[in-house]
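Listed here are the chains, written in short residue letters.
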Amino acid sequence: MKNLSIDIETFSSVNLAKAGVYRYAESPDFEVLLFGYSVDGAPPQVIDLASGEKLPPAIQEALVDPLVTKWAFNAQFERVCLSRYLGKALAPLSWHCTMVWAATLGLPLSLEGVGAVLGLEKQKLKEGKELIRYFCTLNKQRDGSMIRHYPSDAPDRWKQFIAYNLRDVETEMAIQQRLSKFPVSHTEWRNYRLDQQINDRGIMLDMPMVRNAIRCDDQFKQAHMDMAREITGLENPNSPAQLKAWLSEQGIEADSLSKGAVHELLERTEGVVELALSLRLELAKSSVKKYTAMENAVCEDSRARGLIQFYGAPRTGRYAGRLIQVQNLPQNHLPDLDQVRCLIRSGQFDAVSMLYDSVPLVLSELIRTAFVPKPGCRFFVADFAAIEARVIAWIAGEEWRQDVFKQGGDIYCASAEQMFHVPVQKHGVNSHLRQKGKIAELALGYGGSVGALKAMGALNMGVPEEELQPLVDSWREANPNIVDLWWAVDKAVKKAVTRKATAETHGIDFRWEKGFLFITLPSGRDLAYVKPRLGENKFGGESITYEGVGATKKWERLESYGPKFVENIVQATARDILAEAMLRLDAAGYHIVMHVHDEAVIEAPADTSLEEICSIMGRTPKWANGLILRADGYVCDFYRKD
């Protein structure tokens, strides 16, 4: 036996979507119901474990044999669940994931979606969702009680469920066959294995603090809701309809109660109306969703696992957040973070209310601090400095930017100097121009214009509207090689797609092959775009379109052009640099417990060398000759922004 394709059906009273597979499989009532499999491409079979059948000894041996490659769609689920079933941890070394394979080709992250896009003859059976609800979860009855359904409760449905499990194995095998012309590289499987090890390791949560943060929020909301009821006399002051009617009685007509609209109303109201509107804003701020997500996902050993999705962004291959969504944690700016954290952790909520203007803001800034190292260790956090700015300068050959990085300079000051032709120092001469340099750097690198500056908050930062277009012009004039890169890439993509040929620019290869546009990055990894063709954009000009998951989360035809492809290339290259750095850190014995964007969080004994970690992380890959990298770091006893 060389390959074993697997699909399982399971039961657990824990909500899989909210808790993740690690917590799900920990439930005392967890059970593997069906085990569908195929050996080396043979017709699939289903073992009905729920009805008393047993796994054949050869299959049990294969599951723990590192020389047998195990395949599954979203293999993490099968591997973690079967680890629980067998009572032994199955290492990710011999597991391959068909979902990851599909993602490397820009395909959806669902079995049903991949089957539909590929037009497979044997696709996932649509009745599966209802069967899963019936057999795999607790079902709510009319009287509110929860019951579990067994095979004997609905024998005909159970036969359908077995057929559904069998079809899933067939669909996964068909996907493997269809994608066999585009194999995943050994490097990417190494990256996947490390990702699985990081997810298995998990990160510790300070659960007393998490639970008290939720309690504090409940107390805050109750107190403010009571105050709002007393002021307005409304049953539910949080109801927009009720509050609008009350405001109308006070002589204030409000078309909207959005955050911006309430702020505008506050400028022209006073007394009881001003207080009621202020309370609405405070209640709107109150959100403990991430704390609740932590409580849902935490395992018995106080560690949260499965927080990172490998290849979660198919257009770039970047990692995505799951469950707690660590990729978008609020920043913290409180100067006395340790003190207020202790107050929340010890339940001193009244003291927090007395000392700080906004309790919701405090709770938001403390979210990061809920991640803690295990006893005897600290967090060593290392990240790449201005990674995207460095990568785009390197690819485009924008030498003045490269010189800034060589000299350890501030790219925002340097950009402002290049744009306005005067010296700019962060806390010195012309320091006011640094902010304009920063806004321009963040908004304009990928073809952005006035709209991008507004979206980045330029107007709120004090840049007059009449200065926006000159800011765009100045930045582009200061970065001619980056502008040239946008349109060189645009030309190369159009050539590859329209002529079904190959093209090259700036060391990046473009080719059309079997219905895909492939862009080969400096690392050697390919970005894939499904069914590309030349189309017309909303302005009547030419653009490249391809199929993918859009903003609506649906599979649709998407539009792109040179600067957008450059954004994908730069972000994907930055991802490859991070992935390679994490492999080096792991090989050196450092335990990564989490990574966020371009930052790695390592759990290690207090005497560990931060300098060595940053040195390993900041090493330039062999394939990126001339790229200037730098990794900075800090040490902490709970996760935070330095």
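Below is a summary of the structure that appears in this document. Note that this is a predicted model, so its numbers are computed, not measured.

**Details of the overall build of the chain**
- Looking only at helices and strands, one finds 25 helices and 22 strands in the chain.
- Relative to a compact globule of 642 residues, whose C-alpha radius of gyration would be 26 Å, the chain shows 27 Å and is just as compact.
- When the backbone C-alpha atoms are referred to their principal axes, the chain occupies close to 75 × 70 × 60 Å.
- Sequence separation of at least 24 residues holds for 64% of the intrachain contacts in the chain that already meet a minimum separation of 6.
- Accessible surface computed for the chain: about 29400 Å², of which carbon and sulfur atoms make up 49%.

**Digging into the pattern of salt bridges**
- Evaluated as defined, the whole model comprises 30 salt bridges.
- Its salt-bridge partner being Arg 148, residue Glu 31 comes within 2.9 Å of it at the nearest N-O pair. Residue Glu 31 is found in strand 2 (residues 31-39), and its partner Arg 148 is found in the loop between strand 7 (146-147) and helix 7 (155-179); the two are separated by 117 residues along the sequence.
- Looking at Glu 31, the relative accessible area reads 26%, which means it is partly exposed.
- Through salt bridges with shared partners, a single ionic network connects Glu 188, Arg 525, Arg 575 and Asp 576.

**Details of the sheet that holds strand 21 (residues 599-605)**
- If you walk across this open sheet you meet the four strands as 20-21-13-22, and the pairing is antiparallel. In this open sheet, the two strands that pair with only one neighbour each are strand 20 (591-596) and strand 22 (631-636). Going from strand to strand, the sheet's axes swing by 25° on average, the running direction of each strand aside.
- Judged from the seven bridges that link them, strand 13 (residues 377-384) and strand 21 form a sheet pairing that is antiparallel. Paired with Val 381 across the two strands is Val 601, which belongs to strand 21.

**Let's talk about helix 5 (residues 111-118)**
- Judged by how many residues are buried, helix 5 sits mostly within the fold: six of eight residues are covered.
- Every buried residue of helix 5 is listed here: Leu 111, Gly 113, Val 114, Gly 115, Val 117 and Leu 118.
- Buried-residue contacts for helix 5 involve helix 4 (98-104), helix 7, strand 17 (526-536) and strand 19 (555-560).
- Among the residues trailing helix 5, Gly 119 stands out with phi positive, at a value near 65°.

How each quantity is defined
- Residues numbered from 1 in each chain as written.
- Predicted model: local features only at pLDDT ≥ 70, side-chain atom pairs only at ≥ 80, totals over all residues.
- Heavy atoms only, no water.
- Helix = DSSP H or I, 4+ residues; strand = E, 2+ residues; numbered from the N terminus.
- Rg over C-alpha atoms; globule rule 2.2 N^0.38 Å.
- Contact = heavy atoms within 4.5 Å.
- Areas by Shrake-Rupley, 256 points an atom, 1.4 Å probe, with all protein chains shown as cover.
- Salt bridge = Lys/Arg side-chain N within 4 Å of Asp/Glu carboxyl O.
- Buried < 20%, exposed > 50% of the residue type's maximum accessible area, 1.4 Å probe, protein only.
- Pairing = 2+ DSSP bridges.
- Axes fitted to C-alpha atoms, helices over the stretch in contact; angles between N-to-C directions.

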